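# What the coordinates show
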Amino acid sequence: MEGEGLLPTAQHTLGDALADRLLRLAQYVLIGIFGLLPILFVPALTVSLVYTKVMWVLAGLLIVLILYSFTVLRSGLVKFSFPIPVLALWLIVISAVASGALSGDFRDTFVGDGIEQQTILFLLILALTATMTVQIFTQKKTIMTLFSVLAGSASLLAVFHLFRLVIGPTFLSFGVFPGTVSTPIGSWNDLAIFFGLV
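The rules we used
- All residue numbers refer to positions counted from 1 along the written sequence of the respective chain.
- With pLDDT at 70 or above as the cut-off, local features in this predicted model cover only qualifying residues; side-chain atom pairs require 80 or more to be listed or tallied, and sums for whole chains, interfaces and linings still use all residues.
- Each side-chain value is derived from all of the structure's non-hydrogen atoms; neither hydrogens nor water enter the calculation.
- For the purposes of this entry, the term helix denotes a DSSP run of H or I that reaches at least four residues, the term strand denotes a run of E that reaches at least two, and both are numbered from the N terminus.
- Residue exposure (1.4 Å probe, protein chains only): buried if accessible area is under 20% of the type maximum, exposed if over 50%, otherwise partly exposed.
- Should any heavy atoms of two residues lie within 4.5 Å, those residues are considered in contact.
- Computed with the Shrake-Rupley method and a 1.4 Å probe, the accessible areas treat only the protein chains shown as cover for residues.
- Only four residue types enter the tally: Lys and Arg on the positive side, Asp and Glu on the negative side, with His and both chain ends excluded.
- Lysine's charge is taken at NZ, arginine's at CZ, aspartate's at CG and glutamate's at CD.
- Only protein atoms enter the 1 Å grid used here, on which a cavity is any set of points holding a 1.4 Å probe that cannot leave and a pocket is any open set flanked by protein within 12 Å on both sides along at least five of seven lines; residues with an atom within 4 Å of a point are listed as lining.
- Grid points are joined across faces, edges and corners, and a volume is the space filled by probe spheres set on the points.
- Each residue carries a pLDDT score, the predictor's confidence in it, ranging from 0 to 100.
- In this scheme, a helix's expected span is set at 1.5 Å multiplied by one less than its residue total.

### Some thoughts on the overall build of the chain
- Looking only at helices and strands, the chain has seven helices and zero strands in total.
- Mapped from its N terminus to its C terminus, the chain presents α and β elements in the order α-α-α-α-α-α-α.
- Here the C-alpha coordinates of the chain stretch approximately 55 × 45 × 30 Å along the principal axes.
- When the 198 residues of the chain are sorted by exposure, 37% land in the buried category.
- Partitioning the contacts of the chain with sequence separation of at least 6, the portion at a separation of at least 24 is 70%.
- On the chain, roughly 11400 Å² of surface is accessible, and the fraction owed to carbon and sulfur atoms is 72%.
- Distance between charge centroids for the chain: 15 Å, based on 9 positive and 9 negative side chains.

Next comes the structure, spelled out in structure tokens:
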């Protein structure tokens, strides 16, 4: 039952202070990625909102992988925990790769125009993020910190939309959010899903 729980029980370090600091830094990077992702945008029309968010996650994931690799090298302990939902996500990625390899348009299925949500590369990034999150978020305190940062982002997003509702859609548009239903999180449906989850 140890590998099937939602929270892994792996001990990553053996009391090594540097390895503990590296793991804590990797945790803070993941918290920063997920905490700021709902409110992150580039105030320019030349870069799409989805592409910006995917690149943010990809850069953070690369930093987390490097820090986690240093942690494993420093501590000398490698122990992975793969809960059933993460394994299921990897099975989805494998089936998407098989489907994409057999499709007629290889580039669109794997990368698309800008790593959209329907591409195999996006699914791979999602699976890697889920895997690294399970490996790194091993303490309840870290998960509660992530929830606190997400609640802060949700509060900022709610205030942003309340101001736009009261003052008008031109307020805080930054040249990127021209419509009344424009939002930094993506689409209006994404905003509803995010508030429903938070």
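### Some remarks on the layout of surface pockets
- The calculated volume of the largest pocket comes to roughly 1500 Å³.
- Forming the boundary of the largest pocket are 35 residues, of which Phe34, Leu37, Leu126, Leu150 and Leu197 lie nearest the centre.
- Elements with a minimum of two residues in the lining of the largest pocket: helix 2 (49–75), helix 3 (84–102), helix 5 (120–136), helix 6 (140–167) and helix 7 (188–197).
- For the lining of the largest pocket, the element with the highest residue contribution is helix 5, accounting for seven residues.

### Focus on the confidence of the model for the chain
- Averaged over the chain, the pLDDT score is 81; the fraction of residues at 70 or greater is 90%.
- The model gives residues 1–13 a pLDDT under 50, and that stretch makes 30 contacts with residues more than four places away or in other chains.

### Digging into helix 2
- An ideal rise of 1.5 Å per residue puts 39 Å on 27 residues; helix 2 measures up with 39 Å between its terminal C-alpha atoms.
- Within the sequence span of helix 2, burial applies to Thr52, Lys53, Val54, Val57, Gly60, Leu61, Val64, Leu67, Tyr68, Thr71, Val72 and Ser75.
- Residues of helix 2 that are buried make contact with helix 1 (17–36) and helix 5.
- Downstream of helix 2 by a residue or two, Gly76 has a phi angle that is positive, lying close to 75°.

### Focus: the side chain of Thr142
- Mapped onto the elements of the fold, Thr142 is located in helix 6.
- In contact with Thr142, other than residues within four places in its own chain, are Gln27, Ile31 and Phe137.

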